[in-house]
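Observations on the three-dimensional arrangement
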Amino acid sequence: MNTTVRKQASDATIKETGCTTIKQAGCTTTKQAGDATDELLPCDCSQQRSDKTLCEDEAKKILKQYGIPVVSEIRVPVSQYRVNGGSEKVSSPLTESRVMEAVSTFGFPVVLKGLGSSSRFAHKSEMGLVHTSISDHDSLKKAVADIIERGGKELEGILVQPMVRGKRELVAGMFKDPQYGPVIMFGLGGIFTEALSDVSFRLAPLTDFDMQEMVNEISARKMLGNFRGEKEIGIDQIKAVLAGLSNLALNSPEIREIDINPLIATSDGELVAVDALIVTGDSPKSVNRRPHVDKRQLASLFYPKTVAFVGASATLGKWGHMLLTNALSGDFKGKIYLVNPKGGVIAGQKVYPSVNEIEGDLDLAVVTLPAHMVIDLLPHLKAKNAKGMLLITSGFAETGDDGSKLEQQVVAKAAEYGIIILGPNTMGICNPHNDFACSAAHVHPLAGSTALVCQSGNMGTQLLAFAEQQGIGIRAFAGSGNEAMVTIEDYMELFEIDEKTRSVVLYIESVKDGRRFFESAKRVSEKKPVIVLSGGRTAIGRKAAASHTGALASNAKVTRSAFRQAGIIEVGQPMELLDLSALFSSMPLPRGNRVAIMTLGGGWGVVTADLCAEHNLEVPQLSPEIIETLNPLLPDYWSHANPVDIVGENDPNIPRVALEELLKWDGCDAVIHLGIHGKRIFVEKMVNSIVKVDPAHSKESLESMKEMLMEFESQYVSHVIKLTEKYNKPVLGVSLLTDNTSKTLYHADGCRYNGVFFPSPERAVKALSGMCKYSRWLNSNTAVV
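Residues numbered from 1 in each chain as written. Predicted model: local features only at pLDDT ≥ 70, side-chain atom pairs only at ≥ 80, totals over all residues. Heavy atoms only, no water.

1. Topic: the overall build of the protein chain
Each helix and strand in the protein chain was counted, giving 24 helices and 32 strands. Burial status across the protein chain gives 56% buried among its 785 residues. The contacts in the protein chain between residues at least 6 apart in sequence include a share of 73% that link residues at least 24 apart. Accessible area for the protein chain stands at about 33700 Å²; split by element, carbon and sulfur atoms hold 51% of it. (Helix = DSSP H or I, 4+ residues; strand = E, 2+ residues; numbered from the N terminus. Buried < 20%, exposed > 50% of the residue type's maximum accessible area, 1.4 Å probe, protein only. Contact = heavy atoms within 4.5 Å. Areas by Shrake-Rupley, 256 points an atom, 1.4 Å probe, with all protein chains shown as cover.)

If you want it as structure tokens, here you go:
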């Protein structure tokens, strides 16, 4: 049965039809006057339905309905008649005359394209079915004949278009990602799309800010302006194309892919889609949506009152010993029970032969039993009304199919009993706010506002140790392990509503539910910053991550684009996670990206200015007023510019005054000061040398010099913190030298902000850049268009 679908002018939606799953126009070959001698054949819609690829002109008609500019064109049906008793189809000579008639509508030069429903017609250029720059009748006749010959029996029509000229070719499109759903793409088009891969991505639906960022991320964005005699492409034109694709993707779940390539910019800067592809059909199989865990119950596992260590051990180095000794060595006020079939005493604590013999209920069971024994433990935990199980044990999904099946069985049984599983294959959790330390790392960081969740427990424990060393406060830590039940998204959503959390720090190697991750992260980012280090950014890294976590990563470019769109600050190194968390927990957000630099020496200032430029931070020129203020304090040869080089002056008042003058200045949003803090270490080393070789200076006088410098640094740090509060601008320090007493954060009583000092300009600039990115996202993210 042949079905004709006709376009309704007022109908801009896509509907199910008997022809294809897309509403389309001109899908049939209609009989023309004078064709009585030919047995005309209709469009082979059954074939089109099988591969679900729309003809080019049908795709453009749909795009036009969504405000995307397309080239004018006429479809000429290839008239065919049967010969040899109806066993063969031959093109009618009338085809050539109809093409001539269509060309007269536009005039030369024109483009001819062969059309067909078969999926191979999606690659018309490779088939030799595209002829461009046809400028006379002879060339036209040859092109028609060539297309008919190459297209063969599957050829259904010839598309006639005016030749659109322009030096700039772009690409835009949409595809359905199994993790994230509809993804919009934009970039450099034509033959350069695959060669250069200069493209950007965002998830639908798009905001105006999303579309602007897509344009900004293109390396060849300068081509969008006035270029080699051709006019600028208006940003509104590009946004109209991207918004149209976003709306079409959301309104039409049956569309799997859209490709507009090339999207040509004419010499007048007007965009025209000259080629387009729409593929329909089932979207790629999406991830299994997991049920969300109860956040109140999950939160209670970080505040347990009764904890049982099931698999407790007296053997040094075993998990059953490391975890319980960590928990017992702190100031945890809850009850701790040890469970081992042998009974006895471990670490001075009574050991129960089974969970059943513990009196009363349990809040949390910390389990280190072999994997095959875990499922039999669950009924006993249910009998004790356990709310959760911290499953340290490995040997589940990360080991392969058998382990994955066992993990699924354990999760199903736990869900039936109302028990939340953290892990398995996890390094543990900790909550400094109630002194509950239950991880392999025997470190106890300060209670603070940074929530830390890591899919690699080793990474997490390293970061915890660094936080303890540097005085960075931790709200809570969780090694998420295999995330059999509680996922990274559950943790994010927990810390979203937690009042003690000011920043969320994540190390992730895979995302199991990309769309939920994106939506959760974006919602959290609107309230507090989310900082992410992503493992598996390279092919080798992805392979390692899959073997490590038992999960597969989505396309890395799409994932990174989703991060940016959600307001996530992505970092490239582990220490950057805590550098940023320290900054967010200790400083006000900058209002812009303008940085004033004060340095004890010129070289550091130059390097820092270069780093700022590389990380999209502006280093503005000093105002005349600041120069006049600093002139009396500094030698005549000082820089008189930003960076402000205080040329190694020893007057302790100079850095104080200079720093405040820079913070007063409306021309800067943040200040980086280098080399003032840490000078005491430099002097200490000098003093030690003098004591050894020069008896003319007493040890007492030299020691008093050291003490004086220590007092200066303490007062200077307090001064910096007070100025931060007074002017509500971030102030980042870089220490001249560091030793084992140096920290990243310095606290001052009665102040809401802290002093932040980094050991290098690179770390300071990267941290400030991340802070500025977040501030810009927070201020610019707008409603969906």
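After presenting the structure, the write-up continues.
2. Details of unusual backbone geometry
Cis geometry marks the peptide bond from Gly-423 to Pro-424, where omega comes out at 0°. Take Pro-424: it is sitting in the loop between strand 19 (420–422) and strand 20 (428–431). Between Asn-642 and Pro-643 the backbone carries a cis peptide bond, its omega angle lying at 15°. Relative to the helices and strands, Pro-643 resides in the loop between helix 20 (624–630) and strand 28 (644–645). Positive phi values are uncommon outside glycine, yet Ala-347 reaches one of about 55°.

3. A look at the sheet that holds strand 5 (residues 130–134)
The strands that make up a sheet are held in pairs by hydrogen bonds between backbone atoms, and each pair lies either parallel or antiparallel. Read across the open sheet, the four strands follow the order 1-6-4-5; overall the sheet is antiparallel. Only two strands of the sheet have a single neighbouring strand rather than two, namely strand 1 (74–77) and strand 5. Averaged over all neighbouring strand pairs, the angle between strand axes comes to 20°, with direction disregarded. Bridge count between strand 4 (residues 110–115) and strand 6 (residues 157–162): six bridges; the pairing is antiparallel. (Pairing = 2+ DSSP bridges. Axes fitted to C-alpha atoms, helices over the stretch in contact; angles between N-to-C directions.)

4. As for the pairing of strand 29 (residues 670–674)
Extensive coverage of strand 29 is indicated by the burial of five of its five residues. Neither face of strand 29 is exposed, since Ala-670, Ile-672 and Leu-674 on one face and Val-671 and His-673 on the opposite face are all buried. Taken together, the five bridges between strand 27 (residues 595–599) and strand 29 define a ladder with parallel strand orientation. Bridge pairing in strand 29 places Ile-597 opposite Ile-672.

5. Describing the packing of helix 7 (residues 208–216) against helix 24 (residues 761–780)
Packing of helix 7 against helix 24 leaves a shortest axis separation of 10 Å and a crossing angle of 140°. It follows that helix 7 is oblique to helix 24 by the angle criterion. Contact residues: Phe-209, Glu-213 and Asn-216 in helix 7; Arg-776, Trp-777 and Ser-780 in helix 24. For the contact of helix 7 with helix 24, the per-class residue count stands at two nonpolar, two polar and two charged. (Parallel < 35°, antiparallel > 145°, perpendicular 65-115°, else oblique. Nonpolar A, V, L, I, M, F, W, Y, C, P; charged D, E, K, R; others polar.)

6. Description of the pairing of strand 20
Residues Gly-428 and Cys-430 of strand 20 are buried on one face, and the alternating residues Ile-429 and Asn-431, pointing to the opposite face, are buried as well. As defined by bridge partners, strand 20 adjoins strand 21 (residues 436–439) across four bridges and the pair is classed as antiparallel. If you follow Gly-428 over to strand 21, its bridge partner there is Ser-439. Joining the antiparallel neighbours strand 20 and strand 21 is a turn of four residues, in which Asp-435 adopts a positive phi near 60°. As judged from the two bridges shared by strand 20 and strand 23 (residues 474–479), these two strands associate in the antiparallel manner. Residue pairing across strands places Ile-429 opposite Ala-478, the latter belonging to strand 23.

7. Describing the layout of surface pockets
Approximately 1100 Å³ is the volume attributed to the second largest pocket. Lining the second largest pocket are 38 residues, with Arg-564, His-615, Asn-616, Ser-769 and Lys-773 positioned closest to its centre. Elements that contribute at least two residues to the lining of the second largest pocket include exactly helix 7, helix 17 (556–565), strand 26 (569–571), helix 18 (574–586) and helix 24. The greatest single-element share of the lining of the second largest pocket, amounting to 12 residues, is contributed by helix 24. Considered class by class, the residues forming the lining of the second largest pocket number 12 nonpolar, 11 polar and 15 charged. (1 Å grid on protein atoms, 1.4 Å probe; cavity = no way out; pocket = protein on both sides within 12 Å on 5 of 7 lines; lining within 4 Å. Points joined across faces, edges and corners; volume = space filled by probe spheres on them.)

8. Considering the sheet that holds strand 26
A sheet is described by the order of its strands in space; here seven strands give the open sequence 21-20-23-22-24-25-26, paired in mixed fashion. Looking at strand neighbours, the two that pair on one side only are strand 21 and strand 26, the edges of this open sheet. Each strand of the sheet is rotated relative to its neighbour by a mean of 20°, with strand direction disregarded.

9. Let's talk about helix 3 (residues 94–106)
Within the span of helix 3, buried status applies to Thr-95, Arg-98, Val-99, Ala-102 and Val-103. For helix 3, the buried positions fall inside an angular range of 145° around the axis, keeping them on one side. Residues Glu-101 and Ser-104 are exposed on helix 3 and point more than 90 degrees away from its buried face. Contact partners of the buried residues in helix 3: strand 1, strand 4, helix 5 (137–151) and strand 6. One or two positions beyond helix 3, positive phi appears at Gly-107, with a value near 85°. (Arc of directions from axis to C-beta.)

10. A closer look at the confidence of the model for the protein chain
The predicted structure's coordinates, where accompanied by low pLDDT, should not be read in detail. For the protein chain, the average pLDDT comes to 88, and 88% of its residues sit at 70 or higher. Across residues 1–51, confidence stays below pLDDT 50; counting only partners more than four residues off in sequence or on other chains, it has 108 contacts. Low pLDDT, under 50, characterises residues 544–554; the predicted model gives this stretch 28 contacts beyond four residues in sequence or across chains. (pLDDT = per-residue confidence, 0-100.)

11. Some thoughts on the nonpolar core
With 84 residues, the main nonpolar core has Phe-309, Met-389 and Leu-506 as its most contacted residues. A total of five residues in this core trace back to one element, the largest contributor, which is helix 14 (residues 488–496). Not counting residues within four places of it along the chain, the set of residues in contact with Leu-506 comprises Val-453, Ile-488, Met-492, Phe-517, Val-530, Ile-531, Val-532, Leu-533 and Leu-577. Leu-463, Leu-577, Val-734 and Leu-745 belong to the second largest nonpolar core, which has 49 residues in total. (Core = buried A, V, L, I, M, F, W, Y, C linked by side-chain atoms within 4.5 Å.)

12. Quick look at helix 23 (residues 699–727)
Along its 29 residues, helix 23 runs 42 Å from first to last C-alpha, staying within 8% of the 42 Å computed at 1.5 Å per residue. With its phi angle positive at about 55°, Asn-728 sits one or two positions after the end of helix 23. (Expected span 1.5 Å × (residues − 1).)

13. Observations concerning the packing of aromatic side chains
Scanning all chains against the criterion turns up nine aromatic pairs. Both rings, one in Phe-302 and one in Phe-495, keep their centres 6.4 Å apart while their planes meet at 65°; by these two values the pair is edge-to-face. Placement of Phe-302 in the loop between helix 9 (295–300) and strand 13 (306–310) and of Phe-495 in helix 14 is noted, with a sequence separation of 193 residues between them. Residue Phe-495 is classed as buried on the basis of its relative accessible area of 4%. Aromatic pair Tyr-337 and Tyr-352: ring centres 5.8 Å apart, planes at 70°, arrangement edge-to-face. Of this pair, Tyr-337 sits in strand 14 (residues 335–339) while Tyr-352 sits in strand 16 (residues 349–352), and the two are 15 residues apart along the sequence. Tyr-337 sits in the buried class, given a relative accessible area of 13%. Members of the aromatic cluster, connected to one another through ring pairs, are Phe-584, Tyr-774 and Trp-777. (Phe/Tyr/Trp six-rings, centres within 6.5 Å; stacked < 30°, edge-to-face > 60°.)

14. Points about a nonpolar patch on the surface
A grouping of Ile-191, Phe-192 and Leu-196 is seen on the molecular surface, where their side chains present a nonpolar patch of about 350 Å² in accessible area. Relative to the assigned elements, Ile-191 resides in the loop between strand 8 (181–188) and helix 6 (192–196). Its relative accessible area of 73% is what places Ile-191 among the exposed residues. (Patch = residues over 30% accessible without salt bridge, like charges linked within 9 Å, V, L, I, M, F, W, Y side chains within 5 Å. Salt bridge = Lys/Arg side-chain N within 4 Å of Asp/Glu carboxyl O.)

15. What about the environment of Glu-660?
Positionally, Glu-660 belongs in helix 21 (residues 653–664). In this structure Glu-660 touches His-719, Leu-723, Lys-726 and Tyr-727, once residues within four positions along its chain are discounted.

16. Some details on the environment of Val-160
Mapped onto the elements, Val-160 comes out in strand 6. Using a relative accessible area of 0% as the deciding quantity, one classes Val-160 as buried. Between the C-alpha atom of Val-160 and that of Leu-112, which follows or precedes it by 48 residues, the distance is 5.0 Å. Not counting the four nearest positions on each side in its chain, Val-160 is found in contact with Ser-72, Glu-73, Ile-74, Val-76, Val-99, Ala-102, Val-103, Phe-106, Val-111 and Leu-112.

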